[in-house]
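Here is how the chains run, residue by residue.
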Amino acid sequence: MNTKSNTIYHITTLAAWVAQQASDEYTTESLNQEGFIHCSTKEQVKATLERYYSYTKDLLLLHINSSGLLAELKFELATNGELFPHVFGKLNKSAIVEIEKLT
């Protein structure tokens, strides 16, 4: 677990973000399908972008203060052997401290 910072990161598209603009919570398809929202540590963001989003335009990086999450946060082992942060529930937008435009 990254002990230097309470910040975790979630990559999303501008369209997905805008579609949920009116809500106080943010959700993803992965929450419905897998039971959690995929996130990354600062060190994992670049590789995650390259692995899953290399051909996707209009991306946003949500900077999330993990201390402000209302849902449970677990760091779980991924198939590549790394521990990734997973949010087990909807993401309360009050925990988002910055929204960074990536593309």
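Residues numbered from 1 in each chain as written. Predicted model: local features only at pLDDT ≥ 70, side-chain atom pairs only at ≥ 80, totals over all residues. Heavy atoms only, no water.

Asks: Can you walk me through the side chain of Gln44 in this structure?
Replies: Tracing the chain through its elements places Gln44 in the loop between β3 (37-38) and α3 (45-52). Within the structure, Gln44 has its side chain in polar contact with the backbone oxygen of Leu83 (distance 2.8 Å). Once you skip the residues sitting within four places of it in the chain, Gln44 turns out to touch Glu82, Leu83, Phe84 and Pro85. (Helix = DSSP H or I, 4+ residues; strand = E, 2+ residues; numbered from the N terminus. Polar contact = N/O pair within 3.5 Å; in protein donor to acceptor, adjacent residues only side chain to side chain. Contact = heavy atoms within 4.5 Å.)

Asks: Help me out: how do you make sense of the pattern of salt bridges in this one?
Replies: Two side chains with opposite charge may pair up if their charged atoms get near one another. Throughout the structure, instances matching the rule amount to one salt bridge. Between Lys101 and Asp58 there is a salt bridge; the shortest N-O distance is 3.9 Å. Placement of the pair is Lys101 in strand β8 (residues 96-101) and Asp58 in the loop between α3 and β4 (59-65), with a sequence separation of 43 residues. You can call Asp58 partly exposed: its relative accessible area is 40%. (Salt bridge = Lys/Arg side-chain N within 4 Å of Asp/Glu carboxyl O. Buried < 20%, exposed > 50% of the residue type's maximum accessible area, 1.4 Å probe, protein only.)

Asks: I'm lost on the nonpolar core in this one. Help?
Replies: Nonpolar side chains tend toward joint burial in soluble globular proteins. Leu62, Ile64, Leu69, Val87 and Leu91 are the most contacted members of the largest nonpolar core, which totals 15 residues. Ranked by residue count, the leading element in this core is β4, at three residues. In contact with Leu62, other than residues within four places in its own chain, are Ile8, Tyr9, His10, Thr12, Trp17, Tyr26, Leu91, Ile96, Glu98 and Ile99. Ile11, Val45, Leu59 and Leu61 belong to the second-largest nonpolar core, a separate cluster that totals five residues. (Core = buried A, V, L, I, M, F, W, Y, C linked by side-chain atoms within 4.5 Å.)

Asks: I'm lost on the packing of aromatic side chains in this one. Help?
Replies: Each pair of aromatic rings is reported with the distance of its centres and the angle of its planes. As enumerated under the stated definition, the model contains two aromatic pairs in all. Considering the side-chain rings of Trp17 and Tyr26, the 5.7 Å spacing of their centres and the 40° angle between planes classify their relative orientation as tilted. Taking 5.4 Å as the distance between ring centres and 45° as the angle between the ring planes, the aromatic pair formed by Phe36 and Phe88 counts as tilted. Of the two residues, Phe36 sits in the loop between α2 (29-34) and β3 while Phe88 sits in strand β6 (residues 83-88), which places them 52 residues apart along the sequence. Across from the ring centre of Phe88, 4.7 Å away, lies the NZ or CZ of Lys74, which sits over that ring. The cationic tip of Lys93 hangs over the ring face of Trp17; the distance from NZ or CZ to the ring centre is 4.7 Å. (Phe/Tyr/Trp six-rings, centres within 6.5 Å; stacked < 30°, edge-to-face > 60°. Lys NZ or Arg CZ within 6 Å of the ring centre and 35° of its normal.)

Asks: Would you mind showing me how to read the sheet that holds β8 here?
Replies: To summarise the sheet geometry, strands pair through backbone hydrogen bonds and adopt either a parallel or an antiparallel arrangement. The sheet built from three strands is open, its strands ordered β1-β4-β8 with antiparallel pairing. In the strand order of this sheet, the two ends are held by β1 (7-13) and β8, each with one partner. Recorded for the sheet is a direction-independent mean angle of 20° between the axes of neighbouring strands. Of the strand pairs in this sheet, β1 and β4 are connected by seven bridges, and their pairing is antiparallel. In the sheet register, His10 faces β4, and the bridge partner there is Leu62. Running over the sheet, α3 touches β1 and β4 and is turned about 20° from β1. (Pairing = 2+ DSSP bridges. Axes fitted to C-alpha atoms, helices over the stretch in contact; angles between N-to-C directions.)

Asks: For this particular structure, what's the right way to read the pairing of strand β5 (residues 72-77)?
Replies: Across a regular strand the side chains alternate sides, sitting on one face of the sheet and then on the other. In terms of strand pairing, β5 meets β6 through six bridges, oriented antiparallel. Across the sheet, the residue bridging to Leu73 is Val87, located in β6. Between β5 and β6, which pair antiparallel in sequence order, lie five residues; one of them, Gly81, sits at a positive phi of approximately 90°.

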